[in-house]
Amino acid sequence: MGKTYAVLPCNGLDKCAGCVTREIALQLSAKTDNEIICPVFYRVAEARYNRLAQEKPLLVIDGCATRCASKLAAEKRLKITERLNVSDYAKEENVTLGAGLSLDADALGLVRRAVTKLLNDSEKDNARQMSEVDDFFPSSLDYEIYKKDKFIFRLPTNEGFYFNENDVWAYVSGNRARVGVTDYVQKSLSDIMFFTPPAIGAEIVQFDELGVMESGKAIWEIISPVSGVVTAINEKLINAPEMLNQNPYEQGWVAEIDLTDFDEDSDLLHVFDGYMSILKRKVDEYRVKD
Amino acid sequence: MSEATFMGIPRSKIDWSPRIDYDKCDDECMECVNFCPHDVFAVRENEKPKLIVKNLENCVVFCRACANTCGLDALVFPEKTATTAHIKQIRKAGVSNG
């Protein structure tokens, strides 16, 4: 294993999945130089674990969708390098976790597979595909701006941009599209802490999920404006999700897709004028939840 | 607030909102209520169940973010493909009706 982690499990005693996170963390630390961050102790002994989290890349293991460990990492402003959600992983592996807290044979099998997966993933750390640089995407974009109080929302005016009403853009040229989110999304979410990309090769139908972004405030599905096959992802976002906040149209793009039927997709998309009026309405009606 | 529409269709014609699986929901954590910025859910303090889906039309079409925050996996949404087909059908009918 090339890379060792600081491992932050949720360690929850509320359900079996929390106990599974604990077991995975224990086995990871037993097999390699991974070091565990105890979420309970972290709350009262911040200095010790902050140092550890700075020295090693952080692996967060959540038990369920409540994401207690991810939220703790966000609260402590830690940068998450790798993550596993046990409930999601159990679904992928067709394992039903029991209602009790003790780990049965199925749960222990899931632990073993998760540990193997995490150790293998770290070895394949740099093996993901990158999009090649070419002249498919405009070298510079022109923007129109909508201001509301201190907030500025940009929207590219270049031809070829399409938008769905879920605030995701697609730049289309021929049978190829680059996809990303609009300023409305990144400003609503505030500081984006984590980006989970779609799988390369995944066949996406319009309005399917195309990855997930998370901030301390919320988790947000990227809803694909187009149908097709994912051919590339913006690998840089995995280690630098803040690029989504900096400019979600240029360096913060999400994925590239080979289109299957853009004529059909375009029926449910807007071009600049249509989406700009929707953006303005959303911004005007937006209110921060108490 | 302006009339709610999605792709030009009145929001009321689109069946998209969470369904609560009360076999899974503990009716206690209220994570979804705290999460949803659109007030889709409501809490009735002295009734059972406490948690209900109250403002269906506030739900953003195709958004399932609350389901992703539910630790008990107790929120279910309609099939996206069927919803998309329904939207296209309504739009087509609208165009042909002039």
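(A) How the structure looks around the pattern of salt bridges. For the coordinates displayed, the defined rule picks out 22 salt bridges over all chains. B:Asp73 is paired through a salt bridge with A:Lys91; the nearest N and O atoms lie 2.8 Å apart. Residue B:Asp73 is located in the loop between helix 2 (65-69) and strand 6 (75-76), and its partner A:Lys91 is located in helix 5 (residues 86-92); the two belong to separate chains. With relative accessibility at 30%, the residue B:Asp73 sits in the partly exposed group. Residues B:Arg64 and A:Glu221 are paired through a salt bridge, measuring 3.5 Å at the closest nitrogen-oxygen approach. Placement of B:Arg64 in the loop between strand 5 (51-53) and helix 2 and of A:Glu221 in strand 13 (residues 219-223) is noted, with the two residues assigned to different chains. Its relative accessible area of 26% is what places B:Arg64 among the partly exposed residues.

(B) Structural context of the side chain of A:Ser70. Residues and elements named next belong to chain A. Along the chain, Ser70 turns up in helix 4 (residues 68-75). Here Ser70 falls in the buried class, since its relative accessible area comes to 4%. Here Asp62 takes part through its side chain, which lies 2.5 Å from a polar atom of the side chain of Ser70. Apart from residues lying up to four places away in sequence, Ser70 is in contact with Val60, Asp62, Ile80, Arg83 and Glu214.

(C) Molecular detail of the interface of chain B and chain A. Contacts between the two partners involve 30 residues from chain B, matched on the other side by 26 residues from chain A. Buried surface at the junction of chain B and chain A, both sides included, amounts to about 2,400 Å², of which 50% is carbon and sulfur. Three residues stand out in chain B for area buried against chain A, namely B:Met7, B:Asn68 and B:Lys88, and they jointly supply 25% of the buried area on that side. Our enumeration of links across chain B and chain A arrives at 6 salt bridges. Ionic pairing is found between A:Glu264 and B:Lys88, a salt bridge with its closest N-O pair at 2.9 Å. Summed over the shared surface of chain B and chain A, the result is 9 residue pairs in polar contact (both at pLDDT 80 or more). At the level of secondary structure, the elements contributing two or more residues to the side of chain B that touches chain A comprise strand 1 (5-6), helix 1 (31-35), helix 2 and helix 3 (80-96) of chain B. Per-element tally for the side of chain B that touches chain A: the top contributor is helix 3 of chain B, with 5 residues. Split by residue class, the side of chain B that touches chain A holds 15 nonpolar, 8 polar and 7 charged.

(D) The arrangement of empty space enclosed by the protein in detail. Residue and element names in this part refer to chain B. As enumerated under the stated definition, the model contains 1 cavity of 30 Å³ or more in all. Estimates place the volume of the largest cavity at around 100 Å³. In this structure, the largest cavity is lined by 13 residues; those nearest its centre are Cys25, Cys29, Cys32, Leu51 and Cys70. Broken down by class, the residue content of the lining of the largest cavity amounts to 9 nonpolar, no polar and 4 charged.

Thresholds, definitions, all that
Residues numbered from 1 in each chain as written. Chains lettered and ligands numbered in written order. Predicted model: local features only at pLDDT ≥ 70, side-chain atom pairs only at ≥ 80, totals over all residues. Heavy atoms only, no water. Salt bridge = Lys/Arg side-chain N within 4 Å of Asp/Glu carboxyl O. Helix = DSSP H or I, 4+ residues; strand = E, 2+ residues; numbered from the N terminus. Buried < 20%, exposed > 50% of the residue type's maximum accessible area, 1.4 Å probe, protein only. Polar contact = N/O pair within 3.5 Å; in protein donor to acceptor, adjacent residues only side chain to side chain. Contact = heavy atoms within 4.5 Å. Buried area = accessible area lost by both parts, 1.4 Å probe. Nonpolar A, V, L, I, M, F, W, Y, C, P; charged D, E, K, R; others polar. 1 Å grid on protein atoms, 1.4 Å probe; cavity = no way out; pocket = protein on both sides within 12 Å on 5 of 7 lines; lining within 4 Å. Points joined across faces, edges and corners; volume = space filled by probe spheres on them.

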